Amino acid sequence: MNVLIRHDTVYEYNTPISSLASEIHLRPLNNRRQIVESFRLQTDPSTHIYDYVDRFGNAVHHFTIPKLLHAVRVSAISQVSTFPQPFVFRRPEGFLWYESLTQTRRTALDPLTQQWIRDHDNPHLPPRERVQRLSLAVQNNFLYEPGVTSVRDTASDFIQHERGVCQDFAHFLISVFRHLHIPALYVSGYIVPEGSSPTASHAWVAVHCEDTNGPAEWTGLDPVAGTLTDERYVWIALGRDYDDVTPVHGVYWGNSDEHLTVTVQTEE
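These figures come from a predicted structure and were not determined experimentally.

> Please clarify how the overall build of the protein should be interpreted in this entry.
Tallying secondary structure elements over the protein gives 5 helices and 15 strands in all. Scaling as 2.2 N^0.38, a compact globule of 268 residues should have a C-alpha radius of gyration of about 18 Å, and the protein matches this with 19 Å. With the principal axes as the frame, the protein shows a C-alpha extent of 60 × 40 × 40 Å. The buried share of the protein, taken over its 268 residues, is 49%.

> Mind showing me how you'd approach the sheet that holds strand E4 (residues 50-53) here?
One key point about sheets: their strands pair by backbone hydrogen bonds, in either a parallel or an antiparallel sense. Strand order in this open sheet of 4 strands is E4-E5-E2-E14, and the pairing throughout is antiparallel. Each having just a single partner strand, E4 and strand E14 (248-253) make up the two edges of the open sheet. Pairs of neighbouring strands in the sheet enclose a mean axial angle of 15 degrees, with direction left out of account. Alignment of E4 against strand E5 (residues 59-65), held across 4 bridges, turns out to be antiparallel. Bridging from a neighbouring strand, Asp51 pairs with His61 of E5.

> What should I look at first to understand the packing of helix H1 (residues 111-120) against helix H4 (residues 166-179) in this one?
Angle between the axes and distance between the axes: these two values describe a pair of packed helices. Interhelical geometry of H1 versus H4 gives an angle of 70 degrees and a closest axis separation of 11 Å. With respect to their mutual orientation, H1 and H4 come out roughly perpendicular. Contact residues: Thr113, Gln114, Trp116 and Ile117 in H1; Phe172, Ser175, Val176 and His179 in H4. Here the contact of H1 with H4 is composed, by residue class, of 4 nonpolar, 4 polar and no charged.

> How do you make sense of the pattern of salt bridges when you look at a structure like this?
Opposite charge on two side chains makes pairing possible when the charged atoms of those side chains draw close. For the structure shown, the criterion picks out 10 salt bridges. Among the salt bridges present, the one from Asp8 reaches Arg6, with a minimum N-O distance of 2.7 Å. Note on Asp8: relative accessible area 6%, which makes it buried. When the shortest N-O distance is used, the salt bridge between Glu268 and Arg232 registers 3.0 Å. Residue Glu268 is found in the segment after strand E15 (258-267), and its partner Arg232 is found in the loop between strand E12 (227-228) and strand E13 (233-239); the two are separated by 36 residues along the sequence. A relative accessible area of 59% places Glu268 in the exposed class. Among the residues examined, Arg232 registers a relative accessible area of 14% and is labelled buried.

Calculation criteria
Residues numbered from 1 in each chain as written. Predicted model: local features only at pLDDT ≥ 70, side-chain atom pairs only at ≥ 80, totals over all residues. Heavy atoms only, no water. Helix = DSSP H or I, 4+ residues; strand = E, 2+ residues; numbered from the N terminus. Rg over C-alpha atoms; globule rule 2.2 N^0.38 Å. Buried < 20%, exposed > 50% of the residue type's maximum accessible area, 1.4 Å probe, protein only. Pairing = 2+ DSSP bridges. Axes fitted to C-alpha atoms, helices over the stretch in contact; angles between N-to-C directions. Parallel < 35°, antiparallel > 145°, perpendicular 65-115°, else oblique. Contact = heavy atoms within 4.5 Å. Nonpolar A, V, L, I, M, F, W, Y, C, P; charged D, E, K, R; others polar. Salt bridge = Lys/Arg side-chain N within 4 Å of Asp/Glu carboxyl O.

This is the structure:
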């Protein structure tokens, strides 16, 4: 599948601010299951954009606009070819393996989650079937409902609400896997919609497990859908949790309220 993705972020202020700095994770990954044909990042007003590759292999861009501002637009335009193959994540130099096994503040385990694991895990299943069953159990036991949780919530908040959005589903499943000593990472990206469904940013889980038909590899699981990821999923960045891969994160200097608008469009 060949898809064009445009991700626009607009910051607006009711009174001028004096400066804005932003860090961005919006360039898709290059790997065996997807190829980035082109990528362009631009700001309005324009400024110099710097970039580097972090320890997870993600492309990170950052910029500062040091002048009076009423609004700033950040536009990322990606042309990506995707393939129906398992995801293979090659650890870059400096990657710390224990980070995929260590709980963070967002994935910290609580007694409710431990009981949920005892109720739903079957350690006697083959590794691939075991993780898929757990992902499906999350999809069956929790409700997708926007507005119940916030971007700051944790896996513990999610199990108490028993509902949330893709970020919450991913943090919870990662918490489960890491407790079971199964390496897991948080993935940010997009799902290319079918039909007239709107496009939006999405989150899922990369889990490292053995396969009876081949070597251990990173596989994508979407606990919102309870399925493996396929060619409709575009992988942007991986990390320990949402904090490592926030699509657009910024700070500004000034005494003004900020209004943020994000739109995502895809075209096959």
